[in-house]
Amino acid sequence: MEQNHSAEGLSIGIIMDGNGRWAKQRGLPRTAGHKKGADVFDDITRYANEQGVRAITYYAFSTENWSRPADELEVIMDLFGQSLKRLYKYRKENNRVVFLGERTALLPAHQKMMDEIESETQSRTGMILNIAINYGGQQEITKAARELAQLAAEGKLNPADINEDMLEGHLYTKGQPMPDFILRTSGEMRISNFLLWQCAYSELLFTDLYWPDFRRKHFDEAVQEFHSRNRRFGGIGE
Ligand code: IPE
Ligand code: IPE
Ligand code: MG
């Protein structure tokens, strides 16, 4: 039987890790890795779009990443700002851009661009491009719980009626497909607070490549590996 190795229609999560080590390997400052990583982000996004991917979610900055040195944080946020400017070009594309995370901690100028990009693209029907910035999966679930508790306190919701769909409706990814697979680069085999609710049945893929070394062919390889997995969702499989 012919196997379908296409990325069409898939929902994909990517933990872009290893920028610092990539730079260190070359005797460069860590920030050089972040710069190169931003280029790879652009290229893989373009490619995923061409491949007909349904949704792609990038982990760009975690709630824990604030513990890094100030000069590194400054460069990361500056690169994020440059990325936002490039995202305006998505005006011409059919992509919907969504930012996951607590944005009030970000620069006001960035928040403004994020709001504009999201509202301009919200009714687009093409690939959903999710960017997780100042994002933590635990914080996201806590936020959802807080919002549901508020509704209950206002008498608009009976706590006994709370179900999974309702909680999901208060996540940043509401209404979106759950990731079919989550790929992490750099050889680390952990989730690091990424999409904790959404990863319930995602296939987990790991590669030793550092993110700045990740190319389109590696994306294809990940998609193929995903298709070789036997997803059972608690059942007995094929
Ligand atoms: C991922 O690369 C980018 C961010 C977390 C912002 P790292 O900066 O974590 O690179 P390593 O893991 O230290 O090599
Ligand atoms: C995860 O990478 C966060 C992002 C890629 C944005 P980290 O480098 O922060 O994760 P840990 O610290 O190795 O778990
Ligand atoms: Mg890292």
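Now for the nonpolar core. Judged by nonpolar contacts, the single largest core of 40 residues is most densely connected at Ile-56, Tyr-58, Phe-99, Phe-181 and Phe-219. Excluding residues that lie within four positions of it along the chain, Phe-181 makes contacts with Leu-10, Ser-11, Ile-12, Gly-13, Ser-202, Glu-203, Leu-205, Ala-222, Val-223 and Phe-226. Residues Ala-55, Leu-100, Tyr-172 and Phe-194 belong to the second largest nonpolar core, which totals 13 residues.

For the rest of this paragraph, the subject is the packing of helix H3 (residues 70–87) against helix H4 (residues 108–121). Interhelical geometry of H3 versus H4 gives an angle of 30 degrees and a closest axis separation of 10 Å. What the angle tells us is that H3 and H4 run roughly parallel. Along this stretch, H3 crosses H4, giving a crossing that reads as left-handed. Taken together, the residues of H4 that come into contact with H3 (itself represented by Met-77, Phe-80, Gly-81, Leu-84, Lys-85 and Leu-87) are His-110, Met-113, Met-114 and Ile-117.

Turning to H3, a few remarks are in order. Every α-helix winds through 3.6 residues per turn, so residues three or four apart in the chain are directed the same way. Its 18 residues place the ends of H3 25 Å apart at the C-alpha level, agreeing with the 26 Å of an ideal helix rising 1.5 Å per residue. The complete set of buried residues in H3 reads Glu-72, Leu-73, Ile-76, Met-77, Leu-79, Phe-80, Gly-81, Ser-83, Leu-84 and Leu-87. In this structure, the buried residues of H3 make contact with helix H2 (30–50), strand E2 (55–62), strand E3 (96–100), H4 and strand E4 (128–135).

This brings us to the site of ligand 1. Around ligand 1, a shell composed of Met-16, Asp-17, Gly-18, Asn-19, Gly-20, Arg-21, Arg-30, His-34, Ala-60, Asn-65, Arg-68 and Ile-76 is seen. In this structure, an oxygen atom belonging to ligand 1 sits 2.9 Å away from a side-chain N or O atom of Arg-30. The contact in question runs from an oxygen atom of ligand 1 to an N or O atom on the side chain of Arg-68, over 2.6 Å. For ligand 1, whose free accessible area comes to 380 Å², the fraction covered by protein is 87%. Broken down by secondary-structure element, the contributors of at least two residues to the shell around ligand 1 are helix H1 (19–25) and H2. With 3 residues, H1 is the single largest residue contributor to the shell around ligand 1.

Let's shift gears to the site of ligand 2. Close contacts around ligand 2 come from Ile-15, Met-16, Asp-17, Tyr-59, Ala-60, Phe-61, Asn-65, Arg-68, Arg-184, Arg-190 and Ser-192, and that covers them all. For ligand 2, an oxygen atom lies 3.3 Å from a polar atom in the side chain of Arg-68. Between ligand 2 and Ser-192 there is a distance of 2.6 Å, counted from an oxygen atom to a side-chain nitrogen or oxygen. Burial of ligand 2 by the surrounding chains reaches 77%, relative to a free accessible area of 390 Å². In terms of residues, the shell around ligand 2 owes the most to one element, E2, which gives 3 residues.

Right, let's get into the sheet that holds strand E6 (residues 203–206). If you walk across this open sheet you meet the 6 strands as E3-E4-E2-E1-E5-E6, and the pairing is parallel. Two strands bound the open sheet, and with one partner strand each, they are E3 and E6. Going across the sheet, the axis of each strand differs from the next one's by a mean of 20 degrees, ignoring polarity. With 4 bridges joining them, strand E5 (residues 181–184) and E6 adopt parallel strand pairing. Bridge pairing links Leu-183 to Leu-205 in E6. Together, strand E1 (11–15), E2 and E4 form the strand contacts of H2, whose direction differs from that of E2 by roughly 165 degrees.

With that out of the way, let us pick up the packing of aromatic side chains. Taken as a whole and judged by the stated rule, the model has 12 aromatic pairs. Between the aromatic rings of Tyr-59 and Tyr-135, the centroid separation amounts to 6.0 Å while the plane-to-plane angle is 85 degrees, which identifies the pairing as edge-to-face. Here the residue Tyr-59 occupies a position in strand E2, and Tyr-135 occupies one in strand E4, the gap between them amounting to 76 residues. Of the residues examined, Tyr-59 reaches a relative accessible area of 6% and is grouped as buried. Ring centres of Phe-181 and Phe-226 lie 5.4 Å apart, and the angle between their planes is 35 degrees; on these two criteria the pair is classed as tilted. Of this pair, Phe-181 sits in strand E5 while Phe-226 sits in helix H7 (residues 216–228), and the two are 45 residues apart along the sequence. For Phe-181, a relative accessible area of 1% gives the class buried. Through pairs of rings, three or more aromatic residues link up here, namely Phe-41, Tyr-58, Trp-211 and Phe-214. One cation-aromatic arrangement involves Lys-143 over Tyr-172; the distance from NZ or CZ to the ring centre is 4.9 Å.

Rules and cut-offs
- Residues numbered from 1 in each chain as written.
- Chains lettered and ligands numbered in written order.
- Predicted model: local features only at pLDDT ≥ 70, side-chain atom pairs only at ≥ 80, totals over all residues.
- Heavy atoms only, no water.
- Core = buried A, V, L, I, M, F, W, Y, C linked by side-chain atoms within 4.5 Å.
- Buried < 20%, exposed > 50% of the residue type's maximum accessible area, 1.4 Å probe, protein only.
- Contact = heavy atoms within 4.5 Å.
- Axes fitted to C-alpha atoms, helices over the stretch in contact; angles between N-to-C directions.
- Helix = DSSP H or I, 4+ residues; strand = E, 2+ residues; numbered from the N terminus.
- Parallel < 35°, antiparallel > 145°, perpendicular 65-115°, else oblique.
- Left-handed = near helix turned anticlockwise from the far one by under 90°.
- Expected span 1.5 Å × (residues − 1).
- Near = heavy atom within 4 Å.
- Polar contact = N/O pair within 3.5 Å; in protein donor to acceptor, adjacent residues only side chain to side chain.
- Areas by Shrake-Rupley, 256 points an atom, 1.4 Å probe, with all protein chains shown as cover.
- Pairing = 2+ DSSP bridges.
- Phe/Tyr/Trp six-rings, centres within 6.5 Å; stacked < 30°, edge-to-face > 60°.
- Lys NZ or Arg CZ within 6 Å of the ring centre and 35° of its normal.

These figures come from the coordinates and say nothing about function on their own.
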